[in-house]
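Residue-level structural notes
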Amino acid sequence: DIHPKEFLDHVLAEFEAQVRGEKLLSPDLPCLRKDGTLFYANISGILMVLDGRKCNVGFFTDITERKHAEEALQASESKYRTLLESLPQKIFLKDRNSVYLSCNDHYARDLKIEAEQIAGRTDYDFHPKELAEKYRADDQRIMQSGQAENIEEKYILYGQEVSVQTVKTPVKDEHGNVSGVLGIFWDITERKKAETALKESEQRLSIVLNSILTGVVIVDAQTHEIVDCNPLATELIGLAREEIIGKLCHKFICPAEKRKCPISDLGQIVDKSERVLIRGDGKEMPILKTVTSTSWQGREYFVESFVDITERKQAEKALEKLNKDLELAVLNLGRSNKELQDFAYVVSHDLKAPLRGIKTLAQWITTDYAERLDQNGKEQMNLLLSRVDRMHNLIDGILQYSRVGRVKENKVQINLNELVSEVTDMVAPPENISITVENELPVIEFERTRITQVFQNLLSNAVKFMDKPEGQVKIGCVEEDGFWKFTVADNGPGIEEKYFEKIFEMFQTLAPRDDVESTGVGLTVAKKIVELYGGRIWVESKVGEGSTFFFTLPKQKTEVKDAQLQASIVG
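What follows concerns the pairing of strand E20 (residues 546-554). Most of E20 sits inside the fold, with 8 of its 9 residues counted as buried. Two elements, strand E18 (residues 483-490) and E20, share 8 bridges in a ladder whose sense is antiparallel. What sits directly across from Ala489, in E20, is Thr548. Hairpin geometry of strand E19 (residues 537-542) and E20 is characterised by an intervening segment of 3 residues between the two adjacent antiparallel strands and by a positive phi of about 85 degrees at Gly544.

Structure, rendered in structure tokens:
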């Protein structure tokens, strides 16, 4: 009647044990009041004989409040234990003498024990003496100061030294007196490694930034604030680093830049353009700026590098002025060229006409007065006619030279084997001089008149100055470094080395003009043509053994540049 039904078996077992004479424990059991409410009682009893009957005399005390308090405490301790075990940190509690009272499982596992085994032990049981003494000194200092401390220190974990961060807090009793220390710590080894790696990375970045020969600023892509810069940037801007950091880039460095830097794929060049930097002293500096986007620790940045292009801009202005002057000069040159053409025509017409008259008169005199002229007179008249012919040829040579580079004709495919055969027929060498081609000559794209002039002048000279009874002129060609290298060799009188350059000058001839009829223009024309089209011409010779003339022409199609053309005309 006074106990809940679920506890009857336990109560009867206790009663029967007492009847058998076994010691009766004093259990805490739930009891029922008359109104049916439950309370807890501590019950004890003794056996007695009353009026001849064996009875159990029971004594009980109401412990309901104590029981509720115990249950609340157990629930609190359970929550506390659950909280401790759910935290990733390692937690321990020590008394005033640095003796462990409890810890959570995370801490116990590091020590290779169960959490229940920690009570009564000290750090000397788990760590080397030096570390244990340090930990005890830390505990005592904190308890004496009554202030919590955040400590980064070394810790022996599984036989290895690791870095840990420990927060130790003094614990006080109900009277406010310090009764121990509560410690919470966690492994920060990976964090320390990351910090070290970050520091090394920043040092390397600093070295790179300081060694780059351009100004560099790093800009936060979201805020557009400058977060870093290198020494050359501070020099170009003319301000200290701390005066640059935190400024809005597009307003501070390039105020003329109305828009902000656009967003682009990481690692790609966002912008590469010329800007105007406003220095700290207010002066403007033209710069070439390259902006590249990048990402670091989950945030996007712009790396803006720039160089001072003041000298380049000045050079561009100077070049622009030079180009204008050149355009004016070319315009004037065009006028001069027209005047030169007119002059050439006048020379050709007005000088040749009197020469033709002189020649005609000389021929008439020679014919009409043949009987009156003695031998000396006849020789003088023949000499006069030859001088007239020489003057006529000289005028033709000058006109021919002036046309090179000024008068252009279309380039065509030319088989040089056929062309040399035609030139040989035009030169018409005497029977004692042979002209031979040593190997197959190439097919080139060139102006037919110009290449004809080169071979004609070289072959004519070889035949004209030949002094051997059996003259030999040999033509050859080889491919060399992207050029065709031609040779015209003869076994004639040869040329002294001191004249190797002089023979290519205008009106220069080595033989007396009355011995060999020559204007001294042919080699000059050949040289001008070859050089105009990207080649060169020279001679190798030994006196008495003959001469070899060399000239080269590019294998690829060659266009005469306007500037070269103008230069050739001026020349």
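Having seen it, we continue.
This brings us to the packing of helix H11 (residues 416-427) against helix H12 (residues 448-464). One can describe the packing of H11 onto H12 by two numbers: an axis separation of 9 Å at closest approach and a directional angle of 50 degrees. The orientation of H11 with respect to H12, classified from their angle, is oblique. For the pair H11 and H12, the sense of crossing is right-handed. On H12, the residues touching Leu416, Leu419, Val420, Glu422, Val423, Thr424, Met426 and Val427 of H11 are Arg448, Ile451, Thr452, Phe455, Gln456, Leu459, Ser460 and Val463. Along the lines of polarity and charge, the residues of the contact of H11 with H12 split into 10 nonpolar, 4 polar and 2 charged.

Okay, the packing of aromatic side chains next. The final tally for this structure, using the stated rule, is 12 aromatic pairs. With a centroid separation of 5.8 Å and an interplanar angle of 80 degrees, the aromatic rings of Phe92 and Tyr100 are classed as edge-to-face. As far as the burial class goes, Phe92 and Tyr100 line up, both buried. Both rings, one in Tyr107 and one in Phe185, keep their centres 5.5 Å apart while their planes meet at 85 degrees; by these two values the pair is edge-to-face. With Tyr107 in helix H3 (residues 105-111) and Phe185 in strand E8 (residues 178-187), the pair connects residues that are 78 residues apart, well separated along the chain. On the basis of relative accessibility, which here comes to 3%, the residue Phe185 falls in the buried class. By the ring-pair criterion, three or more aromatic residues cluster together here, those being Phe92, Tyr100, Tyr107, Phe126 and Phe185. Here the basic side chain of Arg536 rests over the ring of Trp538, its NZ or CZ set 3.9 Å away from the ring centre.

Next up on the list: the sheet that holds strand E1 (residues 28-32). Read across the sheet, 3 strands follow the order E1-E2-E3 without closing on themselves; strand pairing throughout is antiparallel. The strands lining the two open edges of the sheet, one partner per strand, are E1 and strand E3 (53-62). Here the strands of the sheet are splayed against their neighbours by 55 degrees on average, with no regard to which way each runs. Where strand E2 (residues 38-50) meets E3, 10 bridges bridge the pair, whose relative direction is antiparallel.

Between H12 and helix H13 (residues 522-532), the shortest axis-to-axis distance is 9 Å and the interhelical angle comes to 145 degrees. Here H12 runs over H13; the crossing is left-handed. Across the interface between the two elements, Arg450, Gln453, Val454, Asn457, Leu458 and Asn461 of H12 pack against Gly522, Leu523, Val525, Ala526, Ile529 and Val530 of H13. Among the residues forming the contact of H12 with H13, the class breakdown is 7 nonpolar, 4 polar and 1 charged.

Moving on to the pairing of strand E17 (residues 471-480). Relative to E17, strand E15 (residues 433-437) is paired through 5 bridges, and the arrangement is parallel. If you follow Ile433 over to E17, its bridge partner there is Gly471. In the sheet, E17 pairs with E18 via 8 bridges, with the strands oriented antiparallel. Bridging across to E18, Glu479 finds its partner in Trp484. As consecutive antiparallel partners, E17 and E18 are separated by 2 residues, and within that stretch Asp481 has a phi angle of approximately 55 degrees, a positive value.

For the rest of this paragraph, the subject is the sheet that holds E18. Strand order in the open sheet formed by 5 strands is E15-E17-E18-E20-E19, with mixed pairing between adjacent strands. Only two strands of the sheet have a single partner each, and these edge strands are E15 and E19. In this sheet, adjacent strand axes meet at a mean angle of 15 degrees when their direction is disregarded. Sitting on the sheet, H12 touches E15, E17, E18, E19 and E20, and the angle it makes with E20 is about 175 degrees. Sheet contacts for H13: E19 and E20; angle to E20, the most-contacted strand, approximately 30 degrees.

Compared with the 24 Å implied by 1.5 Å per residue over 17 residues, the 23 Å span of H12 between its first and last C-alpha is a close match. Burial analysis of H12 places 12 of its 17 residues in the buried class, the great majority of the element. Within H12 the residues assigned to the buried category are Arg450, Ile451, Thr452, Gln453, Val454, Phe455, Asn457, Leu458, Leu459, Asn461, Ala462 and Val463.

So, on to H11. Every α-helix carries 3.6 residues per turn, so stepping three or four residues along brings you back to the same face. Taking 1.5 Å of rise per residue, the 12 residues of H11 would be expected to cover 16 Å, and the 16 Å separating its terminal C-alpha atoms lies within 8% of that figure. The complete set of buried residues in H11 reads Leu416, Leu419, Val420, Val423, Thr424 and Val427. Relative to the axis of H11, the buried residues are bounded by an arc of 140 degrees and lie together on one face. In H11, the exposed positions angled more than 90 degrees off the buried face are occupied by Glu418 and Asp425. On its buried face, H11 is in contact with strand E14 (412-415), E15, strand E16 (443-446), H12, E17 and E18. Taking the backbone nitrogen of Asn417 as reference, a side-chain oxygen 3.0 Å away marks Asn415 as the first, capping residue of H11. Phi turns positive, to about 55 degrees, at Ala428, one or two residues after H11.

Counting 42 residues, the largest nonpolar core has Ile451, Phe455 and Phe551 as its most contacted members. A total of 7 residues in this core trace back to one element, the largest contributor, which is H12. Residues Val219, Ile226, Leu236 and Phe252 belong to the second largest nonpolar core, which totals 17 residues.

Let us look at the environment of Ile358. Here Ile358 shows up in helix H9 (residues 310-368). Given the relative accessible area of 38%, Ile358 is considered partly exposed. Sequence-wise, Ile358 and Leu384 are 26 residues apart; in three dimensions their C-alpha atoms are separated by 9.0 Å.

Cut-off values and rules
- Residues numbered from 1 in each chain as written.
- Predicted model: local features only at pLDDT ≥ 70, side-chain atom pairs only at ≥ 80, totals over all residues.
- Heavy atoms only, no water.
- Buried < 20%, exposed > 50% of the residue type's maximum accessible area, 1.4 Å probe, protein only.
- Helix = DSSP H or I, 4+ residues; strand = E, 2+ residues; numbered from the N terminus.
- Pairing = 2+ DSSP bridges.
- Axes fitted to C-alpha atoms, helices over the stretch in contact; angles between N-to-C directions.
- Parallel < 35°, antiparallel > 145°, perpendicular 65-115°, else oblique.
- Left-handed = near helix turned anticlockwise from the far one by under 90°.
- Contact = heavy atoms within 4.5 Å.
- Nonpolar A, V, L, I, M, F, W, Y, C, P; charged D, E, K, R; others polar.
- Phe/Tyr/Trp six-rings, centres within 6.5 Å; stacked < 30°, edge-to-face > 60°.
- Lys NZ or Arg CZ within 6 Å of the ring centre and 35° of its normal.
- Expected span 1.5 Å × (residues − 1).
- Arc of directions from axis to C-beta.
- Polar contact = N/O pair within 3.5 Å; in protein donor to acceptor, adjacent residues only side chain to side chain.
- Core = buried A, V, L, I, M, F, W, Y, C linked by side-chain atoms within 4.5 Å.

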